[in-house]
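One letter stands for each residue in the lines below.
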Amino acid sequence: MMLKGHGTEKNTTKAKQYLEKAAKAGHKGAPGTLGYLELNENGNVTGAVHYFNQSHQMGDTDATHNLAIIQTFYEAFDPDPYYAHKMFKLASDRGHKDATMIAAEQSLHGMHNQSGDCTSALKYIKILSGQSNYVTHMMREAAQAYQDGKYDSAFLEYLILAEAGVEMAQYNLGWLCKNFLTRSLIKYKNAQENIIRDLLVTVTVHHKRI
């Protein structure tokens, strides 16, 4: 409240004092907030990493994600993309949506000279599909496309969702294949990488840089 001046006078200095007390008391999010302040108010990347590491060690998922972001985008900190990818995966395992999004992108495109891994990317896409309300929206779009006679569009929507592990979409996709196999729908059968990339674009879980 003091940081934002909500319901009280804004007082960053006093807010930091309370956060430091909370950190000493073991509140896992307090060091991360101090890290955010160090990074965005003071431009102190090293100090921010110090605090983020504290929260990360306490199990704070946002801090884990923020460490990965710094290692990816802050060149002044001598970024380590492999360590960053490891941290993104760890944050994803702890349920962080933005980290899951980035882990999927990195798995799909590969790291430096390493080739992409569609299987690993798809694993993260499946996690995203269970977290995002956009899946429901896509199912409605697919159903509407079918009702409008736009079978190619319906097929593609269901195919994306089926690859993400949505069982109803898999059933509907099978039904479309059975009844409209002679149509141009078949041209999508070898498009796994494009499907995953499409889903990364359409699932509305966009990562935010700190």
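Residues numbered from 1 in each chain as written. Predicted model: local features only at pLDDT ≥ 70, side-chain atom pairs only at ≥ 80, totals over all residues. Heavy atoms only, no water.

(A) Examining the packing of aromatic side chains more closely. Evaluated as defined, the whole model comprises two aromatic pairs. Taking 5.8 Å as the distance between ring centres and 85° as the angle between the ring planes, the aromatic pair formed by Tyr-146 and Trp-175 counts as edge-to-face. With Tyr-146 in helix H8 (residues 134-147) and Trp-175 in helix H10 (residues 167-180), this pair connects stretches of sequence that are 29 residues apart. By relative accessible area, which is 37% here, Trp-175 ends up partly exposed. What links up through ring pairs into an aromatic cluster is the set Tyr-146, Tyr-151 and Trp-175. (Phe/Tyr/Trp six-rings, centres within 6.5 Å; stacked < 30°, edge-to-face > 60°. Helix = DSSP H or I, 4+ residues; strand = E, 2+ residues; numbered from the N terminus. Buried < 20%, exposed > 50% of the residue type's maximum accessible area, 1.4 Å probe, protein only.)

(B) Spotlight on the side chain of Gln-106. Structurally, the position occupied by Gln-106 is in helix H6 (residues 97-109). On the accessibility criterion, Gln-106 (14% relative accessible area) is buried. Polar contacts involving the side chain of Gln-106 include one to the side chain of His-85, which spans 2.6 Å. (Polar contact = N/O pair within 3.5 Å; in protein donor to acceptor, adjacent residues only side chain to side chain.)

(C) Representation of the environment of Arg-94. Positionally, Arg-94 belongs in the loop between helix H5 (81-93) and H6. The exposure class assigned to Arg-94 is partly exposed, which follows from its relative accessible area of 35%. Note: C-alpha distance between Arg-94 and Gly-59 (35 residues apart in sequence) is 8.8 Å. Those residues in contact with Arg-94 that lie beyond four places of it in its chain are His-56, Gly-59, Asp-60, Thr-61 and Thr-64. (Contact = heavy atoms within 4.5 Å.)

(D) Just helix H1 (residues 12-24), in detail. Between the first and last C-alpha of H1 there are 18 Å, a value that for 13 residues agrees with the 18 Å anticipated at 1.5 Å per step. Within the span of H1, buried status applies to Ala-15, Leu-19 and Ala-23. Buried residues along H1 cover an arc of 80° about the axis, so they all sit on one side. Counted as exposed and oriented over 90 degrees from the buried face of H1: Thr-13, Lys-21 and Lys-24. Residues of H1 that are buried in the fold lie against helix H2 (29-40). Where H1 terminates, the next one or two residues include Gly-26, which has phi positive at roughly 95°. (Expected span 1.5 Å × (residues − 1). Arc of directions from axis to C-beta.)

(E) Representation of the packing of H2 against helix H3 (residues 45-57). At their nearest, the axes of H2 and H3 sit 7 Å apart, and the two run at 165° to each other. Of the possible angle classes, the one that applies to H2 and H3 is roughly antiparallel. As for how H2 packs across H3, the hand of that crossing is left-handed. In this structure, H2 uses Gly-29, Pro-31, Gly-32, Leu-34, Gly-35, Tyr-36, Glu-38 and Leu-39 to contact H3, whose residues at the interface are Val-45, Gly-47, Ala-48, Tyr-51, Phe-52, Gln-54 and Ser-55. Of the residues in the contact of H2 with H3, the class split is eight nonpolar, six polar and one charged. (Axes fitted to C-alpha atoms, helices over the stretch in contact; angles between N-to-C directions. Parallel < 35°, antiparallel > 145°, perpendicular 65-115°, else oblique. Left-handed = near helix turned anticlockwise from the far one by under 90°. Nonpolar A, V, L, I, M, F, W, Y, C, P; charged D, E, K, R; others polar.)

(F) Structural detail: the packing of H1 against H2. Where H1 meets H2, the closest approach of the two axes is 8 Å, and the angle between their N-to-C directions is 145°. H1 and H2 meet at a crossing whose hand is left-handed. Contacts between H1 and H2 involve Lys-16, Leu-19, Glu-20, Ala-22 and Ala-23 from the former and Ala-30, Pro-31, Thr-33, Leu-34 and Leu-37 from the latter. Residue composition of the contact of H1 with H2, by class: seven nonpolar, one polar and two charged.

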